[in-house]
Amino acid sequence: MKKLLFFAFTIFSANIFAQYTLVVVNGYGGGSYNAGDTVHVWCSAIPTNQVFDKWTGDISFLDSKDEWHTILVMPSQSISVSASFRTIGAYSINHESIMGRDTLKQVYSYFPPNFKGVIFCFHGTGGNATNWTTLFDYKQFLNDAVADTFGFIITEAEEITTQTDYNANAKLQWNYLPYDSTNVDFANIKILIDTFAQRGILNSATKFCAVGMSNGGAFASTIATFYNWKAAVSYCAQASPLLASLTTVPIQWCMAKYDNHPEVGPQGNANALANHNTLLSRGICSKYFSNDHSPVYPERFMRSGTITQTKANNLFAEFQSHSLLDGNNYLLYASDSIGARILAAPLTFPVFLSLTQTEKIFVATQVDVMYSAHQFYSDYNKKTLRFFSSLCDTAAIPVSISDFGFAISDFVIHPNPVMDELQVSSSGLQLGETICVYDLSGRVLLEQAISSSPEKIKTNALQAGVYFIRAANKTQRFAKF
C-alpha cells in the first residue's frame, strides 16, 4: 500500500513540477517553463529594408501571430515558434516645405504604388514632424504601413512651427478648438490634402486615416471626425466624452497600462475605455487595447542596429546592479525616474553614459515601452493597420454626408458645438439662397433662406448629435449639445 501511495505521489509531483520547452527561432523568449506560465516572445532585430511578417509553428498558442512582440500561456507540452520577415525594399521619404494657411509647414510624405489609403501621423506635445522619421518605433510603424501599401503624410502643429502658445496653456501642441474651419491646424491639413490632390496624387476617392501619440492621438480622433475620415487610432490619449458621444468615425485606442503622464494615467485609461464603450453602444466600430509591461532582455537594446550584443548585455547587467529590475526582470521605474538616478550618480552608470545621444534616446524609449509608460510603441502596429484596412469587419458603419456627393466648404459656422443658435457667414453666400441642415442619413431637417450676414439658424429643436449644413452646394459639419 505504501508503495502504491509513493508511486501515485511521484506521478502527481511530476505533473505539478513538469517543465516544458519553448523554442523561439529568429527571436527571443525561449526556455523552460511551467504549464500556465505567461511568456513574452519577441522576434530578433528586423533586418534593414524588411518588416516582421508573422510567426509560424505552434502559433495556436500565441496571442497574436503577426505582431513582432506577443505573449503566450505555456501549454502542457513543448512547442516551437519561428519569426519570419518580409522584404519591402528601400523607399525614400519626401521632405519639403508647403505653405499652410499662415506659415510654411514641414511635411514628410510617401505614397507607395497603388496605395490603398493615406495615414496622417501626428506628434505629441512638444514634438515635431521629424519624430516620425527619426524615433525607432515611429519609423517601424511607417515601414509596416508601407509594407501594407499605405501612404502617409506627416506635418506639425502650428504652435510648433511658430513656437507660440496660442491658447496660453503652457504647451506647444495641436489645438482641437475652435472646432471649425477657422482652426489653423484643421485648415493646414486641408491645404496639404488639396496640395497633393493638385499634384494628381490624391483624389476624392482617397481613404484617409489618422494616427497620433498623446496630444497627437487626441487630435487624430478630432480631425478624423471633423473631416469624416475612414478611421482614427489614438495612442496614450483618451479623447473627450463629447467627441465619443457625437463622432461617427471608427476609433481605436491603444493605451499604456502603466501610463505615467499627469493628463492620462489610470484615469485616462479608464476614460478611453469608457469612450470606446460609448462608441460601441452607439453602433460605431471601435477597439480598445492596453499594452502591458514586459520583461527586459538584453537583445531589445539591439533593435536599433547600433548597440552591440556585448554592450546590450553590459547595459542589462548595469540595470540589474542598480536594482532597476525585479526578480523577473520587469522594470521597477520608467525612464524619467531612471534618468534622475543617472544624473544623481553618473559615474555608476558607465555603460549608459558610453552610448551616443541617439542611442540614449532609443534606450529611454525602449524602457518606457517595456515599463508600459506614456510612450508610442510598435507592438500593435498590425492591429492598427488592420483597423485602418477593415475596421471591425462589419457593415454597420453609419452613412456620412459625403456619400451624397457634397463638397466640404470653408464657410464659417459658429459656435461649434452649438446649443440653441448657429451663425453662418461667408462672402460667398448670397441673400435668398437656401441653407439646409441634414442628419447623418442625408434627411433634410431644416431649410432657411439667407436674409442677413451672418445668418442665424435656430437649432434648439435638434437632438444632441452630429449634423451637416449645406449652402451654395457646399457642406459643413457641426455638433449639437
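A quick note: this is a predicted structure, and the numbers were derived from the prediction, not measured.

What counts as what
Every chain is numbered on its own, with residues counted from 1 as its sequence reads. Only residues with pLDDT of 70 or above have their local features reported here, since the model is predicted, and side-chain atom pairs are shown and tallied only from 80 upward, although totals for entire chains, interfaces and linings are computed over all residues. Side-chain numbers come from the whole structure's heavy atoms, not from hydrogens or water. In this description a helix means any DSSP run of H or I spanning at least four residues, a strand means any run of E spanning at least two, and both kinds are numbered starting from the N terminus. Only protein chains enter the accessibility calculation, which uses a 1.4 Å probe. A residue is then buried if its area is under 20% of the maximum for its type, exposed if over 50%, and partly exposed in between. We call two residues in contact whenever any of their non-hydrogen atoms come within 4.5 Å of each other. We count a salt bridge whenever a side-chain nitrogen from Lys or Arg sits within 4 Å of a carboxyl oxygen from Asp or Glu. Here, strands pair whenever DSSP counts at least two bridges between them. The angle between two axes is taken between their N-to-C directions and runs from 0 to 180 degrees, where each axis is a line fitted to C-alpha atoms and a helix contributes only its stretch in contact. Only Phe, Tyr and Trp rings take part, Trp by its six-membered ring, and two of them pair if their centres are within 6.5 Å. Stacked means planes under 30 degrees apart, edge-to-face means over 60, and tilted covers everything else. Counting as a charge over the ring demands two things of the Lys NZ or Arg CZ atom: a distance within 6 Å of the ring centre and an angle within 35 degrees of the ring normal. Roughly parallel means an angle under 35 degrees; roughly antiparallel, over 145; roughly perpendicular, 65 to 115; everything else is oblique. Crossings are assigned a handedness: left-handed for a near helix turned anticlockwise from the far helix by less than a right angle, right-handed for a clockwise turn. Under the grouping applied here, Gly and all other residues not named as nonpolar or charged are polar, the nonpolar ones being Ala, Val, Leu, Ile, Met, Phe, Trp, Tyr, Cys and Pro and the charged ones Asp, Glu, Lys and Arg. For the purposes of this analysis, a disulfide is any pair of cysteine sulfur atoms at a distance within 2.5 Å.

Visitor: Can you help me understand the environment of P112 in this one?
Guide: With respect to the element layout, P112 can be found in the loop between β9 (104-110) and β10 (117-122). Classification of P112 as buried rests on a relative accessible area of 6%. With 37 residues separating them in the primary sequence, P112 and T149 have C-alpha atoms 6.0 Å apart. When residues no more than four places from it in sequence are discounted, the contact partners of P112 are V146, T149, F150 and G151.

Visitor: Where do I start with the pattern of salt bridges in this structure?
Guide: This structure, assessed with the given rule, holds twelve salt bridges. R101 is paired through a salt bridge with D102; the nearest N and O atoms lie 2.9 Å apart. Using a relative accessible area of 39% as the deciding quantity, one classes R101 as partly exposed. One salt bridge connects D137 with R303, and the closest N-O pair in it is separated by 3.9 Å. Here R303 lies in the loop between β15 (286-291) and α9 (309-321) and D137 lies in helix α3 (residues 136-147), a separation of 166 residues in the sequence. Note on accessibility: D137 and R303 belong to one class, buried.

Visitor: Looking at this structure, I do not really get the sheet that holds strand β5 (residues 50-57). What am I missing?
Guide: Backbone hydrogen bonds hold the strands of a sheet together, and the pairing may be parallel or antiparallel. The four strands are arranged β3-β1-β7-β5 in an open sheet whose pairing can be described as mixed. Among the strands making up the open sheet, the edge pair consists of β3 (31-34) and β5. Mean inter-strand twist for the sheet, computed between neighbouring axes without regard to direction, equals 25°. Note: strand β1 (residues 19-25) against β3, four bridges, orientation antiparallel. In the strand pairing of β3, T21 is matched with S32.

Visitor: Would you mind showing me how to read the packing of aromatic side chains here?
Guide: Given two aromatic rings, one states the distance between the centres and the angle between the planes to describe the pair. On inspection of all chains with the given rule, the structure shows 34 aromatic pairs. Ring plane angle 85° and centroid distance 5.1 Å describe the contact between F122 and F219, whose orientation is recorded as edge-to-face. Of the two residues, F122 is situated in strand β10 and F219 in helix α6 (residues 215-227); the sequence distance between them amounts to 97 residues. The exposure classification of F122 matches that of F219, with both residues buried. Here the aromatic rings of F208 and W229 are separated by 5.7 Å at their centres, their planes lie at 35°, and the arrangement is tilted. Here W229 lies in the loop between α6 and β13 (231-235) and F208 lies in strand β12 (residues 208-213), a separation of 21 residues in the sequence. Each of the two residues, F208 as well as W229, counts as buried. Lying over the aromatic face of W68, R303 brings its terminal NZ or CZ to 3.8 Å of the ring centre. Here the basic side chain of K383 rests over the ring of F289, its NZ or CZ set 5.7 Å away from the ring centre.

Visitor: Just checking my understanding: could you explain the environment of E447 for this structure?
Guide: Mapped onto the secondary structure, E447 falls in strand β20 (residues 444-449). Distance from E447 to Y110, taken between C-alpha atoms, is 43 Å for residues 337 residues apart in sequence.

Visitor: What's the story with the sheet that holds β10 in this structure? I'm lost.
Guide: In space, the eight strands of this open sheet follow the order β8-β9-β11-β10-β12-β13-β14-β15, with mixed pairing throughout. For this open sheet the edge positions go to β8 (94-99) and β15, each flanked by a neighbour on one side alone. Across this sheet, the average inter-strand angle for adjacent strands is 20°, counted without regard to direction. Direction of pairing for strand β14 (residues 251-256) relative to β15: parallel, over a ladder of six bridges. Among the inter-strand pairings, Q252 is bridged to a residue of β15, identified as K287.

Visitor: It is not clear to me how the packing of helix α5 (residues 184-198) against α6 should be interpreted in this structure. Could you clarify?
Guide: The relative placement of two packed helices is expressed as an angle between their axes plus a distance between the axes. Taken N-terminus to C-terminus, the directions of α5 and α6 make an angle of 65°; their axes are 11 Å apart at the nearest point. If you check the angle between α5 and α6, you find them roughly perpendicular. You can see that α5 and α6 cross each other, and the crossing is right-handed. Residues D185, F186, A187, I189 and K190 of α5 pack against F219, T222, I223, F226 and Y227 of α6. Counted by class, the contact of α5 with α6 contains seven nonpolar, one polar and two charged residues.

Visitor: Which parts of the structure should I look at to understand the state of the cysteines?
Guide: A covalent bond between the sulfur atoms of two cysteines is referred to as a disulfide. Scanning the entire structure with this criterion turns up one disulfide. Through a disulfide, C285 is tied to C392; the S-S separation comes to 2.2 Å. Across the disulfide from C285 to C392, rotation about the S-S bond amounts to roughly 85°, and the bridge is consequently right-handed. Here C392 lies in the loop between α13 (381-390) and β16 (407-408) and C285 lies in the loop between α8 (265-281) and β15, a separation of 107 residues in the sequence. Using a relative accessible area of 5% as the deciding quantity, one classes C285 as buried. Accessibility expressed as a relative area gives 22% for C392, which makes it partly exposed. With no disulfide of its own, C209 has C121 as its nearest cysteine by sulfur position, at a separation of 10 Å.

Everything listed is a geometric property; what it means functionally is a separate question.
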